Amino acid sequence: MAVVNNSQYKKKAIIQLILRLIGSELIGISFAFFYVAAKTPLGVMSNIIFGFSSAACMLCLLADMCLKLGGKIKGNVTLHNEKPMPLFGMLLGALSTLPYYVSYVVLLLAKFRVIGSFTGPFKLINAYFLPVIDSFAKGSTASADIYWPSMILFALLPLTMIAVCHFCYKISYENIDIAKKVLYKK
């Protein structure tokens, strides 16, 4: 069996990232169906519950990929003298935010009335953040009517993806035992 080198791992990671984002979108849409049904009886609690749950599922999919990848890449660095890649997790996190930020730019265009309202499609494209976005821009809100603090919050949401990817990759890459760090503080 041939040894997989880091350039092959990088290519596989990008394909996996795309597939996991598609999976996250499908999970987000599934949560959205339940969110719409629970929105009336639960009120703002539905935003909190479903917002946390759908975003957490997406972040867990990304974290799982990065936790597995970091150790493999570090193994090749150590055993086969390949080039160190300590920031590859951050790159994966940044790549994972591209669809969000492209749709955010279109939302900004709609906010400035360059195009028609884009609030609904923005929520659908980013279904894993739909309940959170809906907390600040209800379904019938026109893009031009979204408050600027909400727009700033929307711009900051994907930073969680970068942080999770980088943190999980770094844990695996550096072979950090979290349980030991938490249980046996020095």
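Residues numbered from 1 in each chain as written. Predicted model: local features only at pLDDT ≥ 70, side-chain atom pairs only at ≥ 80, totals over all residues. Heavy atoms only, no water.

1. Focus: the overall build of the protein chain
No. 1: Looking only at helices and strands, the protein chain features nine helices and zero strands.
No. 2: Helices and strands appear in the protein chain in the N-to-C order α-α-α-α-α-α-α-α-α.
No. 3: By principal-axis analysis of the C-alpha atoms, the protein chain measures approximately 55 × 40 × 30 Å.
No. 4: With 186 residues in all, the protein chain has 40% of them scored as buried.
No. 5: Relative to all contacts within the protein chain whose residues are 6 or more apart in sequence, the contacts with residues 24 or more apart total 76%.
No. 6: For the protein chain, the exposed surface amounts to about 10,600 Å²; the carbon and sulfur share of it is 73%.
No. 7: Across the protein chain, the centroid of the 18 positively charged side chains sits 4 Å from that of the 7 negatively charged ones. (Helix = DSSP H or I, 4+ residues; strand = E, 2+ residues; numbered from the N terminus. Buried < 20%, exposed > 50% of the residue type's maximum accessible area, 1.4 Å probe, protein only. Contact = heavy atoms within 4.5 Å. Areas by Shrake-Rupley, 256 points an atom, 1.4 Å probe, with all protein chains shown as cover. Lys, Arg positive; Asp, Glu negative; His and termini not counted. Charge placed at Lys NZ, Arg CZ, Asp CG, Glu CD.)

2. Points about the side chain of glutamate 25
No. 1: Here glutamate 25 shows up in helix α1 (residues 6-42).
No. 2: The side chain of glutamate 25 sits in the buried core without any salt bridge; lysine 123 is the nearest counter-charge, 13 Å away.
No. 3: At 3.5 Å, the side chain of glutamate 25 forms a polar contact with the backbone nitrogen of alanine 127. (Salt bridge = Lys/Arg side-chain N within 4 Å of Asp/Glu carboxyl O. Polar contact = N/O pair within 3.5 Å; in protein donor to acceptor, adjacent residues only side chain to side chain.)

3. Some thoughts on a nonpolar patch on the surface
No. 1: A contiguous nonpolar patch, built from Ile14, Ile15, Ile18, Leu19, Ile22 and Leu26 and spanning about 580 Å² of accessible area, is present on the exposed surface.
No. 2: Looking at the secondary structure, you find isoleucine 22 in helix α1. (Patch = residues over 30% accessible without salt bridge, like charges linked within 9 Å, V, L, I, M, F, W, Y side chains within 5 Å.)

4. Some details on the packing of aromatic side chains
No. 1: Counted under the stated rule, the structure contains 12 aromatic pairs.
No. 2: Their ring planes at 65 degrees and their centres at 5.5 Å tell us that tyrosine 100 and phenylalanine 122 sit as a pair that is edge-to-face. Here tyrosine 100 is found in helix α4 (residues 98-111), whereas its partner phenylalanine 122 is found in helix α5 (residues 119-125), with 22 residues between them in sequence. Judged on exposure class, the residue tyrosine 100 and its partner phenylalanine 122 are both buried.
No. 3: When the ring of tyrosine 104 is compared with that of phenylalanine 122, the centres are 6.4 Å apart and the planes differ by 55 degrees; the resulting orientation is tilted. (Phe/Tyr/Trp six-rings, centres within 6.5 Å; stacked < 30°, edge-to-face > 60°.)

5. Regarding the nonpolar core
No. 1: Counting 38 residues, the largest nonpolar core has Ile73, Phe129 and Phe154 as its most contacted members.
No. 2: Contributions of two or more residues to this core are made by α1, α2 (44-80), α3 (88-96), α4, α6 (130-136), α7 (148-156) and α8 (159-173).
No. 3: Ranked by the residues each element gives to this core, the list is headed by α2, at 10 residues.
No. 4: When near neighbours in sequence (up to four residues on either side) are disregarded, isoleucine 73 contacts Asn6, Tyr9, Met85, Phe88, Tyr169 and Tyr173. (Core = buried A, V, L, I, M, F, W, Y, C linked by side-chain atoms within 4.5 Å.)

6. Overview of unusual backbone geometry
No. 1: Although it is not a glycine, asparagine 81 sits at a positive phi angle of roughly 55 degrees.
No. 2: With respect to the element layout, asparagine 81 can be found in the loop between α2 and α3.
No. 3: Backbone geometry places asparagine 175, a non-glycine residue, at a positive phi of 55 degrees.
No. 4: Looking at the secondary structure, you find asparagine 175 in the loop between α8 and α9 (178-183).

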